[in-house]
Structure formats: C-alpha cells, structure tokens
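Architecture and fold: a report
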Amino acid sequence: MRREFERIHGHAPEGVWAAPGRVNLIGEHTDYNDGFALPMALPQATVLAARRRGDGLLRLHSAQGDGRITELAVADLSPGAVGGWARYPAGVVWALRERGLPVGGADVHLDSTVPTGAGLSSSAALECAVAVAYDELYALGLSRPELARVAQYAENAFAGVPCGVMDQMASVCCAEGSALHLDSRSLEVRQVPFDLTGHGLRLLVLDTRVAHDLADGAYAALRAGCERAAGLLGLTALRDLSEAELPGALAGLPDALAPLVRHVVTENARVGRAVDRLTAGEPEALGPLLTAGHASLRDDYRVSCPETDLAVEAAVGAGALGARMTGGGFGGSVIALVPAAAAGTVAGTVTAAFAAAGFGAPAVLEAVPSAGARRIG
C-alpha cells in the first residue's frame, strides 16, 4: 500500500489503516429500530493509505476503480454532488466537517477485499477506514461509537442510504475471536467469545452474487413502515415491544405492518438467545436460531430472494446446523454454520443446487471472527 500510494500520489503516506467488512450472525433490520444485533468482523477489509493536504483538496484513488484520481474540493462537498464509490469516502469527510471538526484534504489510496453487493458491508468498511484514518491524521480524538455515527451519517445523509448503525459499529468495534453484542440505542457493546475452531465448527459465507442496492427505495420503505408501526403503538421504537406484548400489538395493526413488527420483535429475542448460547459455550446451538431468523426475513420481512432461499435450504439439507441470509436482503449472502468435516459437502451441495436451478455459481468464503478498524502501518 505504501509503495502503491507513492507511485500514485508522488510521496509517502503518513499511515495505513484497515476496516473490515462484517457478517451479522443474528439481528437483522433491528438496528434502525433501536434493537440488538450480533455481528462479527471478517478478515476481508478495506485498506487505506493517506496523507494530509494543506490545500483543501481530497484526492481519491481506488485499486478497484478505473485508474483515475477523483479530485474534490473539501469545502464544496455536499449531498448529491459526488457519485459512484467516491461518495462514501467523500461523505465521511463531509460528515466530519458537519460536526464542526477541523478537517481538510488528503491524498488517499484504497484497496479492498470485501466483495461489493454481497451484503457484507463493503460501504461501511470503506467509510470506517476513512473515519479512523482522518481521526488520527487530524487528531480528532473521537470514540469508536462516535466514528461509527459519523460513518453512518455519511451513508444516510450523503450517500442516501437510510441504514442503521450496526454495520459501522461492527467495522470499528469488533474484536478478534468474538462476536459483538450491540445495543443500537445506547451503542453499548459487549465482546462475546465465538470459538468456532475449538468446537469443530466453521462459518461459511455463501455469496449468491445477486447484487443488492439498498439505495433503491425498498430499504427506506421498510424502515418507514417500522417507524409508522411504532408510532401507532405509542412506542419510541419497536425495540420497546416485548415478545409477551406482541400478540396484542399485532391485533391492532394494519395487515401491511404486522409482519414487520413480528420480525423485529422476534429477531431481537433471537439475539438474546444467541448471546446466551455463546456465553454458555454452546456455539453449535446457534444453528436453529439462524434458520428461524431466515424464515422470519423470508416470510415476514420479505427481503429474501430465490437464490438466498435455495442456499439456506441446500445448506441445511447437506448438514449445516443452521443458515440464513445476512445483510439488508434483496440478494447478497447466506451464512451457514457447519461442522468442520461437512464444510466441503455443504459448499458443494449449494453450488450444485444453484447449477440445477440455472443460477450462477455462488462464491464461498469462510468467516473468521476478526479485528475491527485499526492502523496497520
């Protein structure tokens, strides 16, 4: 990264930082309802080399781009003014300035191993890499939750995606060997040991290669539906509705909103059960919770698709302890918790099922609980 930065920008960087993608074990579409989630960071990450500039220019280069440098005046950044991948790093710089923080320009070179469109938070990894780099370059002294909020605000207000904060909190706060129990209201976190290898398990990521775009309006409609339901129930957020109260609440809601509420409430409960199982040293017990979570996302939240449904069905049929789609939905990836000895069989069975259905071959990755955003050089 240092050599490539110098080749592109003509001088050495001040540092190199990395921020990972994530998979969410359980707790989907709960974060914008002030709820709970249990993500873990991936080994795949966005890596960024950067050096401050004194002339107010932000010069962005990506190894995944077209080879050109995108040059932007920091003072002119505004929502809608930047398109493509550059809107994510530019949005973070804009969001920092919106907070009144004294940040200027930088030369930046980016490279990423997080698959795009796979539901693995490639955009959050990009935003958080910029956030942690700028925090150090400009001596801002922001806490990890503050950095996550900045990155989320950039995605909401600058990139136009009304996401919750879970992706960004996972990218900046996860720890190696653990899953992150996140309270999206308070931003309190707890590291929960997640020892796959010691229990003879592997967590496979089955990327369906069906690209999703959360800026296309469907995600925003789901969020608006949840907020409307909370208002009708007299709640600050759906997080405030318990499982015991759910039947009575559903009876008074419009038919279009009741399934959304049922998913959020039961999903929050599944997060609690998953944390209990991991705390008890029983990671294999996550399996049925994953599969139940997928059924809820498929039937109540309706964010699945034929490819993710087939991946879950084939993985469980081939010996996975449980499987579900991960991420916002409408494509993306499925995670499958499998006995280590069955990993090859599960991956092969899913691939064969896709071929038989006429789908393109999925990509298979292994998810290993990894470290959050940090300086690496």
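This is a predicted model, so every value here is computed, not measured.

**Overview of the sheet that holds strand S2 (residues 36–37)**
Ordered in space as S2-S7-S8, the 3 strands form an open sheet in which the pairing is antiparallel. Either end of the sheet is taken by a strand with one partner, and the two such strands are S2 and strand S8 (189–193). Across 5 bridges, strand S7 (residues 178–183) lies against S8 in antiparallel orientation. Bridging from a neighbouring strand, His 181 pairs with Arg 190 of S8. Packed onto the sheet, helix H5 (residues 166–173) meets S2, S7 and S8 and runs at close to 135° relative to S7. Packing of helix H8 (residues 258–279) onto the sheet brings it into contact with S2, S7 and S8, and relative to S8 it is tilted by some 50°.

**Brief notes about the pairing of strand S11 (residues 333–339)**
Burial of S11 is extensive: 6 of the 7 residues sit out of reach of the surface. Two strands pair when backbone bridges link them, and strand S9 (residues 201–207) and S11 are joined in this way by 7 bridges, in the antiparallel orientation. Considered in S11, the bridge of Leu 204 is made with Ala 336. Here 5 bridges tie strand S10 (residues 322–326) to S11, and the two strands are oriented antiparallel to one another. Bridge pairing links Ala 323 to Ala 336 in S11.

**So, the sheet that holds strand S12 (residues 363–367)**
Spatially, 4 strands are ordered S10-S11-S9-S12 in an open sheet, and the strand pairing comes out antiparallel. One side of each edge strand has no neighbouring strand; the edge strands of this open sheet are S10 and S12. The sheet shows a mean angle of 25° between the axes of neighbouring strands, direction not considered. Where S9 meets S12, 5 bridges bridge the pair, whose relative direction is antiparallel. Following the sheet pairing, Val 205 is matched in S12 by Leu 365.

**Observations regarding the packing of helix H4 (residues 144–158) against H5**
Taken N-terminus to C-terminus, the directions of H4 and H5 make an angle of 140°; their axes are 8 Å apart at the nearest point. Taken together, H4 and H5 sit at an angle that is classed as oblique. Regarding H4 and H5, the two cross each other, and that crossing is right-handed. Contact residues: Arg 144, Pro 145, Ala 148, Ala 151, Gln 152 and Glu 155 in H4; Gln 168, Met 169, Val 172 and Cys 173 in H5.

**Structural notes on the nonpolar core**
Counting 54 residues, the largest nonpolar core has Leu 48, Leu 58, Leu 77, Val 93, Leu 96, Val 108 and Tyr 134 as its most contacted members. Per-element accounting of this core gives the leading share, 9 residues, to helix H3 (residues 122–137). Excluding residues that lie within four positions of it along the chain, Leu 96 makes contacts with Leu 101, Val 103, Tyr 134, Leu 140, Leu 142 and Val 150. Leu 222, Tyr 301, Ala 323 and Phe 354 belong to the second-largest nonpolar core, a separate cluster that totals 44 residues.

**Observations regarding the UniProt feature "domain: GHMP kinase N-terminal" (unreviewed entry) in the chain**
This chain's UniProt record puts "domain: GHMP kinase N-terminal" (unreviewed entry) on residues 88–173. Helix makes up 58% of residues 88–173 and strand 9%, with an end-to-end C-alpha separation of 19 Å.

**Here's the deal with the pattern of salt bridges**
Applying the stated criterion across every chain, the model contains 20 salt bridges. For Asp 300, the salt bridge is made with Arg 262, and the minimal N-O distance between the two is 2.9 Å. Of this pair, Asp 300 sits in helix H9 (residues 286–301) while Arg 262 is found in helix H8, placing the two residues 38 residues apart along the sequence. With relative accessibility at 14%, the residue Asp 300 sits in the buried group. For Glu 282, the salt bridge identified is with Arg 277, shortest N-O distance 2.8 Å. One network of salt bridges, with partners in common, ties together Arg 53, Asp 55, Arg 59, Glu 71 and Asp 107.

Rules of the game
Residues numbered from 1 in each chain as written. Predicted model: local features only at pLDDT ≥ 70, side-chain atom pairs only at ≥ 80, totals over all residues. Heavy atoms only, no water. Pairing = 2+ DSSP bridges. Helix = DSSP H or I, 4+ residues; strand = E, 2+ residues; numbered from the N terminus. Contact = heavy atoms within 4.5 Å. Axes fitted to C-alpha atoms, helices over the stretch in contact; angles between N-to-C directions. Buried < 20%, exposed > 50% of the residue type's maximum accessible area, 1.4 Å probe, protein only. Parallel < 35°, antiparallel > 145°, perpendicular 65-115°, else oblique. Left-handed = near helix turned anticlockwise from the far one by under 90°. Core = buried A, V, L, I, M, F, W, Y, C linked by side-chain atoms within 4.5 Å. UniProt positions renumbered as here; feature names shortened; annotations may be inferred. Salt bridge = Lys/Arg side-chain N within 4 Å of Asp/Glu carboxyl O.

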